[in-house]
Amino acid sequence: MEYEILEKLIYGIKKPHLYLKINVDSNIEKIEIHIDKNVKIIDTSKNENEILIDMDLPSNIKKVEVYIVGQGHSISIYNKRYDYMVRTLKILSKPFRMLWDRISFFVRPIKKAIKIAWTRHHFLIPPHRIKRYIKSLNQNYKHPMPTNLLNPESTKEYNIWLNQQNHKIVDLSFKYKPLISIIIPVYNASPTDLELCIQSALNQTYLNFEICISDDNSTQQETKDVLKKYENNDKVKINYRNKNGMISKNMNSAIEISSGDFIGFLDNDDLLDKNALYYIVKELNSNKKLDLIYTDEDKIDENGKYCEPNFKTDWAPDTLLSMNYICHFTVIRRKVLEKVGLFRSEYDGAQDYDLFLRVTEVTTAISHIPKILYHWRKSPNSTAAESGNKNYAREAGKKALGAALKRRKISAEVRYDERTPFYIINYKVIKEPKISIIIPTKDCKDILEKCINSIYEKTKYKNYEIVIVDNNSEKEETLEYLQKVQEEHENIRIIKDNGKFNYSRINNDAIKQTKCDYVMLLNNDTEVLTEGWLTTMVGYAMQKHIGCVGAKLLYPDYTVQHAGVILGLGGVASHAYIGAHRDDLGYLGRLSVPYDYSANTAACLLVSRKKFDEVDGLDENLEVAYNDIDFNIKLLEKGYYNVTLQQVELIHYESKSRGFDTTPEKKKRFEQEIKYMMDKWQYQIKNDKFYNKNFSKKAWFQLERRK
């Protein structure tokens with residue numbers, strides 16, 4: 001029996017009100033609300049996991065207490081005194097809270113600006129950037145972020161969020177109880193850290209486990225003394241190697257003495273959350289066929305503070321080719337491990353990355369638990385301290401990627417990303433398939449001309465055509481340009497479309513008139529910046545598992561307009577990192593290396609013609625908005641993955657031809673399209689697989705302060 005309090009709030013002076021949002025599992029039968037001596041019962045047996053209590057309370061209330069009931073347990077989860085004295089103090093403190101909020105409103109952006117000025121420039125700000133920063137500061141005042149958001153990259157704010165988590169486990173019974181072996185390789189470990197590590201494994205709430213330790217011929221007696229303490233512990237097996245063999249051989253030695261159905265990996269100075277194995281086994285009880293399960297993780301700094309959380313996506317194959325995002329805590333089925341082989345010494349430093357690449361080649365039974373269940377210690381000799389301080393680890397990772405691509409018979413080059421410790425795959429296009437670039441337009445000759453010119457300047461790819469769909473252009477200069485450009489270029493075609501503007505229909509009709517292998521949907525108000533952009537994008541689109549391929553789009557001031565789409569963000573969906581600086585890295589390199597996202601904007605989107613037809617193209621019920629989001633989701637539902645390439649950049653001037661939705665008619669149509677999407681894709685919008693559920697849906701990659 002398990003529950004988590006998401007929001008808890010009691011408010012109101014004359015008319016008290018209780019607001020409580022709780023996540024519960026199927027074992028919880030009912031919720032009892034005790035209001036003084038009265039009891040109200042809520043039956044949860046037929047409800048969804050999320051229970052909302054939103055109710056008025058008597059004006060003379062003194063106390064409210066909430067219980068969950070199930071499997072013979074009755075547990076108090078919320079207890080609040082709310083008599084007249086409490087309410088009076090609340091009234092008296094209100095002016096002070098309002099004053100503090102007002103001061104914070106002005107101080108917060110200034111603190112952020114000072115931090116940026118110091119960390120990026122040590123206060124020596126280049127003159128050409130001063131104007132941009134002032135503009136950004138003004139934007140923070142005009143459009144302030146919600147005050148309840150917390151930045152996961154701030155140690156202080158992350159720890160506030162961590163301390164507010166109200167997840168409780170009441171009952172630990174499972175039908176399926178596999179034996180899990182926790183593998184700990186040891187070599188000259190800090191005695192204190194090693195003991196804390198072993199204790200964190202021994203303190204698991206799930207009890208069917210064993211700890212398998214292999215010591216790689218440590219030379220420090222203190223390390224051996226710690227291990228001797230556990231030699232008689234029934235849960236612990238220890239192997240002492242006679243010769244140092246480095247990390248892979250040492251881990252393999254630990255695996256060889258294990259007996260578990262599943263193998264989990266724990267470094268000798270890291271900590272495992274006490275409920276880590278509980279959540280692993282809970283996931284296995286929901287799906288016994290799972291072969292690989294991984295969780296979220298964070299780090300422990302030199303002061304013992306939790307920091308740098310890695311809130312991961314669900315299984316994302318292209319993200320894994322950019323970095324080892326799976327990392328810790330990971331549990332793998334023994335049979336799968338034996339099938340692909342154990343750790344390989346030639347990849348020491350990235351031996352786990354090599355293993356994950358091999359395992360994910362033989363199984364898709366992969367699950368992600370979005371909970372911080374592993375704490376990675378930032379010691380001077382650990383890659384947790386700084387990924388860049390172990391060049392051999394980065395080199396080993398590149399080598400592992402190269403070997404994976406070779407096994408998969410994929411012709412590609414692995415290169416280091418210049419701005420992060422991660423990687424970028426450049427797929428080689430040996431035989432160029434035919435690409436049709438579809439560009440709908442109406443007038444705006446100058447912007448269209450800039451788009452066309454940039455394509456010819458930046459495209460090395462040969463086998464493509466440009467199909468310009470003229471949707472009711474009226475200006476003479478536009479009509480003359482269309483005629484001229486068609487005469488000058490053999491690979492440009494003009495299609496006349498005199499119908500009412502419907503983005504989906506216009507593109508669908510144009511594509512039917514092509515004989516291409518791949519389709520590029522491109523807005524007329526874009527300008528290509530990246531040399532070889534089309535070759536790079538089609539290299540990804542040619543991979544069997546990939547659906548849509550998108551790019552990073554920038555505003556004319558070189559701030560980000562699109563870097564992937566997050567479902568449910570601010571409504572149906574929204575672009576990630578709107579307004580971020582071009583040179584920002586993003587959360588864990590999301591503005592620097594390829595990442596799997598749920599969707600990409602159709603302002604620049606490449607997809608194979610076969611996959612386009614497989615999902616019946618764009619939905620013509622969506623005339624203007626969200627047709628691209630709908631198209632991306634349809635591909636996800638077919639089992640494909642949509643990837644955003646941050647190394648490919650275009651400028652997007654946005655809605656130059658059609659304008660914005662400012663008229664009553666356009667607003668009404670927009671509202672109808674929102675409803676259409678919510679009715680059609682409610683579950684997908686609520687549960688974006690590529691956006692961790694711990695993140696806020698009010699702002700990208702931020703946490704929410706609990707009420």
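Here, every reference points to the structure presented above.
A brief look at the structure comes next. Counting of residues starts from 1 at the beginning of each chain's written sequence and follows it residue by residue. Only residues with pLDDT of 70 or above have their local features reported here, since the model is predicted, and side-chain atom pairs are shown and tallied only from 80 upward, although totals for entire chains, interfaces and linings are computed over all residues. Heavy atoms from the whole structure form the basis of all side-chain values; hydrogens and water molecules are not counted.

In terms of regular secondary structure, the protein is built from 19 helices and 33 strands. We compute the radius of gyration from the C-alpha atoms alone; for a globule the expected value is 2.2 Å times N to the 0.38, where N is the number of residues. On C-alpha atoms alone, the protein measures out to a radius of gyration of 28 Å, which is about the 27 Å that the 2.2 N^0.38 rule sets for 707 residues. In terms of principal-axis extent, the alpha carbons of the protein reach across some 85 × 75 × 55 Å. For the protein, the residues scored as buried account for 54% of the 707 residues in total. Residues are treated as being in contact if the distance between any of their heavy atoms lies within 4.5 Å. Residue pairs in contact within the protein that sit at least 24 positions apart in sequence constitute 75% of those at least 6 positions apart. All accessible-area figures derive from a Shrake-Rupley calculation using a 1.4 Å probe, and residue coverage is judged against the displayed protein chains alone. Accessible surface, the protein: about 33300 Å² in total, of which carbon and sulfur atoms supply 51%. In the protein, the 107 positive side-chain charges and the 96 negative ones have mean positions that sit 3 Å from each other. Each helix is a run of DSSP H or I of at least 4 residues and each strand a run of E of at least 2, with the numbering of both proceeding from the N terminus. Whether a residue is buried, partly exposed or exposed follows from its accessible area with a 1.4 Å probe, protein chains only, as a fraction of its type maximum: under 20%, in between, or over 50%, in that order. His is not counted here, nor are the chain ends, while Lys and Arg score as positive and Asp and Glu score as negative. Charge placement uses NZ in Lys and CZ in Arg. For Asp and Glu, CG and CD serve respectively.

A separate point is the nonpolar core. Take the buried residues of types Ala, Val, Leu, Ile, Met, Phe, Trp, Tyr and Cys, join any two whose side-chain atoms come within 4.5 Å, and each joined set is a nonpolar core. Counting residues in each nonpolar core, the largest one holds 104 residues, and the members touching the most others are Ile-437 and Trp-533. Aside from chain neighbours lying at most four places away, what touches Trp-533 is Ile-437, Ile-455, Lys-458, Thr-459, Met-520, Leu-522, Val-528, Cys-604 and Val-648. Ranked by size, the runner-up nonpolar core spans 39 residues in total, among them Ala-201, Tyr-206, Ile-211 and Trp-376.

A few words on the pattern of salt bridges. Whenever Lys or Arg places a side-chain nitrogen within 4 Å of a carboxyl oxygen from Asp or Glu, that contact is recorded as a salt bridge. Inspection of the entire model under this criterion finds 32 salt bridges. As a salt-bridge pair, Lys-237 and Glu-210 come within 3.0 Å of each other at their nearest N and O atoms. With Lys-237 in strand β12 (residues 236–240) and Glu-210 in strand β11 (residues 209–215), this residue pair connects regions lying 27 residues apart in the sequence. Given a relative accessible area of 28%, Lys-237 falls into the partly exposed group. A relative accessible area of 7% places Glu-210 in the buried class.

Residues in a regular strand point their side chains to alternate faces of the sheet. Among the five residues in strand β31 (residues 604–608), five count as buried, and that is most of the element. Of the two faces of β31, the one lined by Cys-604, Leu-606 and Ser-608 and the one lined by Leu-605 and Val-607 are each fully buried.

Another aspect to go through is helix α12 (residues 445–458). Expected span of a helix, by definition, is 1.5 Å for each gap between consecutive residues, and there is one gap fewer than residues. Its 14 residues place the ends of α12 20 Å apart at the C-alpha level, agreeing with the 20 Å of an ideal helix rising 1.5 Å per residue. Every buried residue belonging to α12 is among Lys-445, Ile-447, Leu-448, Cys-451, Ile-452, Ser-454 and Ile-455, and all of these are buried.

It is worth spelling out the state of the cysteines at this point. Disulfide: a pair of cysteine sulfur atoms within 2.5 Å of each other. As enumerated under the stated definition, the model contains zero disulfides in all. The thiol of Cys-197 is unpaired, and the distance to the nearest cysteine sulfur, on Cys-212, comes to 13 Å. Relative accessible area serves as the criterion here: at 0%, Cys-197 is assigned to the buried category. Of all cysteine sulfurs, the one in Cys-327 lies closest to Cys-307, which takes part in no disulfide; the gap is 14 Å.

A word on the sheet that holds strand β3 (residues 30–35). The pairing criterion for strands is at least two bridges between them, as found by DSSP. Here four strands make up an open sheet; going across it, the order is β4-β3-β6-β7 and the pairing antiparallel. Strands with a single pairing partner mark the edges of an open sheet, and in this sheet they are β4 (38–43) and β7 (73–81). Direction aside, neighbouring strands of the sheet carry axes that sit 20 degrees apart on average. Bridge count for β3 against β4 is six bridges, and the pairing is antiparallel. Residue pairing for β4: Ile-31 is matched across the bridge by Ile-42. Structural elements are reduced to axes, namely lines fitted to C-alpha atoms, with helices fitted over the stretch in contact, and the angle between N-to-C directions of any two is expressed from 0 to 180 degrees.

Planes of paired rings set the category: under 30 degrees apart is stacked, over 60 is edge-to-face and the rest tilted, where pairs are Phe, Tyr or Trp rings (Trp by its six-membered ring) whose centres lie within 6.5 Å. Under the defined criterion, the tally for this structure stands at 24 aromatic pairs. Between the aromatic rings of Tyr-278 and Tyr-279, the centroid separation amounts to 5.0 Å while the plane-to-plane angle is 75 degrees, which identifies the pairing as edge-to-face. Given a relative accessible area of 2%, Tyr-278 falls into the buried group. Tyr-279 gets classed as buried once you look at its relative accessible area, which sits at 6%. Of the aromatic side chains, those joined through ring pairs into one cluster are Tyr-158, Trp-161, Phe-311, Tyr-577, Tyr-587, Tyr-691, Phe-695, Trp-700 and Phe-701. Consider the ring centre and the ring normal. A charge sits over the ring if Lys NZ or Arg CZ is within 6 Å of that centre and within 35 degrees of that normal. Looking at Lys-235, its charged tip hangs above the ring of Phe-209, at a distance of 4.4 Å from the centre. Directly above the aromatic system of Tyr-347 lies the positively charged group of Lys-399, at a separation of 5.4 Å from the ring centroid.

The next point concerns the side chain of Asp-628. For Asp-628, the position within the fold is in helix α17 (residues 627–637). Polar contacts, as counted here, are pairs of nitrogen or oxygen atoms within 3.5 Å of one another; within protein the pair requires one atom able to donate a hydrogen and one able to accept it, and residues that are adjacent in sequence qualify only if both atoms are side-chain atoms. Among the polar contacts listed, one links the side chain of Asp-628 to the backbone nitrogen of Ala-602, at a separation of 3.0 Å. Once you skip the residues sitting within four places of it in the chain, Asp-628 turns out to touch Asn-600, Thr-601 and Ala-602.

Quick look at the packing of helix α4 (residues 191–202) against helix α5 (residues 221–229) now. When two helices pack together, their arrangement is given by the angle between the helix axes and by the axis-to-axis distance. Direction vectors running N to C along α4 and α5 enclose 25 degrees, while the axes themselves pass 9 Å from each other. It follows that α4 is roughly parallel to α5 by the angle criterion. Considering the relative orientation of α4 and α5, their crossing is right-handed. In this structure, α4 contributes Pro-191, Leu-194, Glu-195 and Ile-198 to the contact, and α5 contributes Glu-222, Thr-223, Val-226, Leu-227 and Lys-229. The class makeup of the residues in the contact of α4 with α5 is five nonpolar, one polar and three charged. If an angle is under 35 degrees, it is roughly parallel; if it is over 145, roughly antiparallel; if it lies from 65 to 115, roughly perpendicular; otherwise it is oblique. Here a crossing is taken to be left-handed if its near helix is turned anticlockwise relative to the far helix by less than a right angle, and right-handed if that turn runs clockwise. Residue type decides the class: Asp, Glu, Lys and Arg count as charged, Ala, Val, Leu, Ile, Met, Phe, Trp, Tyr, Cys and Pro as nonpolar, and the leftover types, Gly among them, as polar.

When you line up the elements, Asn-627 lands in helix α17. According to the relative accessible area criterion, Asn-627 is buried, its value standing at 2%. Within the structure, the side chain of Asn-627 is placed 3.1 Å from the backbone oxygen of Leu-622, a separation counted as a polar contact. What Asn-627 contacts, discounting residues up to four positions off in sequence, is Tyr-503, Ser-504, Leu-618, Asp-619 and Leu-622.

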